[in-house]
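# A look at the structure
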Amino acid sequence: MIVDCAIYRDGHRTEGPEDLSDALAAARAYGNAFVWIGLHEPTEREFGLVTDEFGLHELAVEDALKAHQRPKLEVYDDSLFAVLKPVTYEPDSDAVSSGELMIFLGDCFVVTVRHGEGSPLKSVRGRLEKDPEMLRLGPTAVLYAIADATVDHYLEVATELQTDLEELEAEVFSPDDGGSRHTASRIYTFKRQIQEFRRATGPLSVPLNRLAGAGVVGPAVPFVDDKAHPFFRDVNDHLTRVNESVESLDRLVSDVLSAHLAQMSVRQNDDMRKISSWAAMAAVPTMIAGIYGMNFEHMPELRWLWAYPAVIAIMVVLEVLLFRLFKRRGWL
């Protein structure tokens with residue numbers, strides 16, 4: 001459905017026609033104006049109206065309707081198509097989830113399509129409407145503001161994940177809880193959250209490099225004002241920090257998992273040594289009792305008066321010696 005539709009002229013929001021074609025014609029007639037339409041999970045029929053009026057490319061329209069796209073930037077004859085993946089962090093469940101945000105940019109129009117939650121569009125629109133100087137850049141300002149808000153939120157999510165990882169490290173190396181059967185599951189789940197985060201941040205580097213005009217990235221991007229290059233470079237710098245944080249988190253959580261598995265292995269070895277020590281101690285009296293439990297008539301000690309207490313004493317002495325030996329070696 002259409003969430004908002006407005007015409008921005010000379011950096012200010014103005015009232016315009018409700019009909020999409022009239023709004024686009026008015027924006028083109030004004031000069032230094034553009035129309036911004038925001039949609040949330042539109043149906044094929046709803047989006048078909050926008051497609052017809054703005055002449056959007058059918059491949060980009062298909063991507064916008066089906067979602068599940070990687071962050072990317074594609075150039076068509078009459079529009080620019082960008083895909084971003086806003087990320088949300090749920091502190092109650094320590095979970096990362098991502099939505100999708102598609103942006104169609106033309107000579108005097110912006111169409112944004114949102115899937116899922118966590119989109120910064122509402123706050124971005126409000127912030128831009130308070131900054132006429134930025135809005136005068138036209139549709140480019142909208143693309144920059146959305147990218148900037150999305151990447152800034154990435155930084156916040158990365159900080160939250162860093163805090164969670166520190167808590168997980170404390171749990172793993174705790175003498176009481178480090179061996180919990182649920183710890184490995186928590187570490188693996190946390191690694192999955194990092195991978196979900198990486199799928200949103202990693203592929204975005206190439207589109208932002210193109211928008212920033214950095215390096216050998218092909219021809220200039222149409223429908224984007226050259227004056228905006230420094231702004232996109234700033235966003236790209238922030239994204240680089242995010243990607244470095246994600247890589248660091250991924251390495252650290254792998255190290256934490258390895259440390260936890262090593263701890264579990266050491267504890268299993270300790271348990272096996274204890275079990276083996278007690279089994280060895282139990283084997284000595286079992287062997288002696290087994291010998292004297294054999295029903296042979298001619299056994300030399302059977303008729304000796306002190307045979308029974310002597311055998312018990314030998315068992316006790318051997319058990320004490322074995323216990324002290326295993327204790328000294330740290331097996332018990």
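Refer to the structure printed above.
My aim in this report is to walk through the structure given alongside it, one point at a time. (Residues numbered from 1 in each chain as written. Predicted model: local features only at pLDDT ≥ 70, side-chain atom pairs only at ≥ 80, totals over all residues. Heavy atoms only, no water.)

Looking now at the environment of A282. Mapped onto the elements, A282 comes out in helix α9 (residues 229-292). Linking A282 and E319, residues 37 residues apart in sequence, is a C-alpha distance of 8.2 Å. (Helix = DSSP H or I, 4+ residues; strand = E, 2+ residues; numbered from the N terminus.)

So, on to unusual backbone geometry. Backbone geometry follows two general trends: most residues other than glycine have a negative phi, and most peptide bonds adopt the trans configuration. Located in the positive-phi region is H68, a residue other than glycine, with phi close to 55 degrees. For H68, the position within the fold is in the loop between α3 (58-66) and β4 (72-75). Note on H68: relative accessible area 71%, which makes it exposed. Although it is not a glycine, F223 adopts a positive phi angle of roughly 65 degrees. In this structure, F223 sits in the loop between α8 (205-212) and α9. Of the residues examined, F223 reaches a relative accessible area of 27% and is grouped as partly exposed. (Buried < 20%, exposed > 50% of the residue type's maximum accessible area, 1.4 Å probe, protein only.)

Now for the pairing of strand β5 (residues 80-84). Counting buried positions over the five residues of β5 gives five, a clear majority of the element. Burial along β5 is two-sided: the residues L80, A82 and L84 and F81 and V83 are all buried. Sheet topology places β4 next to β5; four bridges connect them, and they run antiparallel. Paired with K72 across the two strands is V83, which belongs to β5. Hairpin geometry of β4 and β5 is characterised by an intervening segment of four residues between the two adjacent antiparallel strands. Pairing between β5 and strand β8 (residues 100-105): five bridges, direction antiparallel. Opposite L84, over in β8, you have L101 as the bridge partner. (Pairing = 2+ DSSP bridges.)

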